Amino acid sequence: TDRGDVHYWIAGEGSEYLAFTHGATMDHGMFDRQVDHFSSRYRVITWDVSAHGLSRPYEGFTLQHAAADLANILDAEGVEKAHLVGQSMGGYIIQILALQLPKRVKSLTVIGSSPIKTTYFSGMDKFLLKITPFLLRLYPYNYLINLIAGQISVSHPSKTYALETLKKMTKGEFADIMGKVYFGLESGSDAVLLSIPLLITLGDSEVTGKVRQYSLDWATNEGRPLKVIPNAAHNANVDNPDAFNAILQAFLNEIDDNPQK
């Protein structure tokens, strides 16, 4: 792109496409176990979101630019329509893409995320999100990355992955990305994606922000299915990949077996 190179990976030979988008400060590696499971049936796309992983340096990161970059990946591979899965920030990115290009999206699955709708966020929520980048800069670097890794993961492999990935970023990069996530949420749409199947998932040990409450409200207000992943936290698909894969597979099977949905 004119903002920087964006890297993506493809596995599998299926006729249906399944694209995974990771959360803030992570990279495509968080979906390794999903690639292993789903590539036998789907053409699986993973990518390092703009300004993350190998997709650096990147100028002008925003959620909207990331959604456009994902759409460009689909274009580059000739994908007319895909199932989209997004973890945390990745859930915001795929919602933006679905709002802009609904005919390109077969389904949405979010992991530890929340609706990109301003009505879900109170004034206090918005204030806390706004000051988060400033607060992050106050923490000593090693303390910060260990704190984050411990909060978003419960299993040893998940914590190890999170910590190793976090170490690849500077504290300034953390703060900048979180600031852009806040801006993207603040400028979110109040449109409802009722025409697109949506699955909401979260770990049973989810403690990141108000994700748990947002997920419950989202499921209730829009009548969406909500599945809780046992023995898992914010990075639920990494903490308990077998349970997450089974839940996602059942959701995809229902959609692919009933195209009218």
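Residue indices follow the written sequence of each chain, beginning from 1 at its first position. Under the rules for a predicted model, residues below a pLDDT of 70 receive no local features and side-chain atom pairs below 80 are neither given nor counted, while totals for whole chains, interfaces and linings still include all residues. As a convention, hydrogens and water are excluded, and side-chain values are obtained from all of the structure's heavy atoms.

Colleague: Explain the side chain of Asp239 to me, and be specific about the residues and the numbers.
Modeller: Its location among the elements puts Asp239 in helix 9 (residues 236-239). Salt bridges are absent for the buried Asp239, whose nearest opposite-charge side chain, Lys159, sits at 7.8 Å. In terms of polar contacts, Asp239 uses its side chain to reach the backbone amide nitrogen of Val154, at 2.9 Å. The criterion used for residue contact is that any of the two residues' heavy atoms lie within 4.5 Å. Filtering out sequence-adjacent residues up to four positions away, Asp239 remains in contact with Ile152, Ser153, Val154, Ser155, Ser158, Asn231, Ala232 and Ala233. Going along the chain from the N terminus, every DSSP run of H or I of four or more residues is numbered as a helix, and every run of E of two or more is numbered as a strand. Here the term buried applies to any residue with accessible area under 20% of the maximum for its type, exposed to any over 50%, and partly exposed to those in between, with areas from a 1.4 Å probe on protein chains only. Only four residue types enter the charge count: Lys and Arg as positive, Asp and Glu as negative, with His and the chain ends excluded. The working definition used for a salt bridge is a side-chain nitrogen of Lys or Arg within 4 Å of a carboxyl oxygen of Asp or Glu. For this analysis, a polar contact is any N or O atom pair within 3.5 Å, provided that within protein one partner can donate a hydrogen and the other can accept it, and provided that sequence-adjacent residues contribute only side-chain to side-chain pairs.

Colleague: Any details on the environment of Ser195? Residues and values, ideally.
Modeller: Here Ser195 lies in the loop between helix 7 (171-186) and strand 6 (198-203). On the basis of relative accessibility, which here comes to 62%, the residue Ser195 falls in the exposed class. When the C-alpha atoms of Ser195 and Met178 are compared, they prove to be 30 Å apart, with 17 residues separating the residues in sequence.

Colleague: Describe in detail the sheet that holds strand 4 (residues 82-87), supporting the description with residues and values.
Modeller: The criterion for strand pairing is that DSSP finds at least two bridges linking the strands in question. Strands sit in the order 1-3-2-4-5-6-7 across an open sheet of seven strands; the sheet is mixed. Two strands in the sheet have a free side with no partner beyond their single neighbour: strand 1 (8-11) and strand 7 (226-229). With strand direction ignored, the average angle separating the axes of adjacent strands in the sheet is 20 degrees. The pairing of strand 5 (residues 105-111) with strand 6 spans four bridges and is parallel. Across the sheet, Leu108 pairs through a bridge with Leu198, a residue of strand 6. In this analysis an axis means a line fitted to C-alpha atoms, helices contributing only their contacting stretch, and an angle means the value between N-to-C directions, from 0 to 180 degrees. Its contacts with the sheet put helix 8 (residues 211-222) on strand 5, strand 6 and strand 7, and the angle it makes with strand 6 is roughly 150 degrees. Packed on one face of the sheet, helix 10 (residues 241-257) meets strand 2 (16-21), strand 3 (42-47), strand 4, strand 5, strand 6 and strand 7 and runs near 160 degrees to strand 5.

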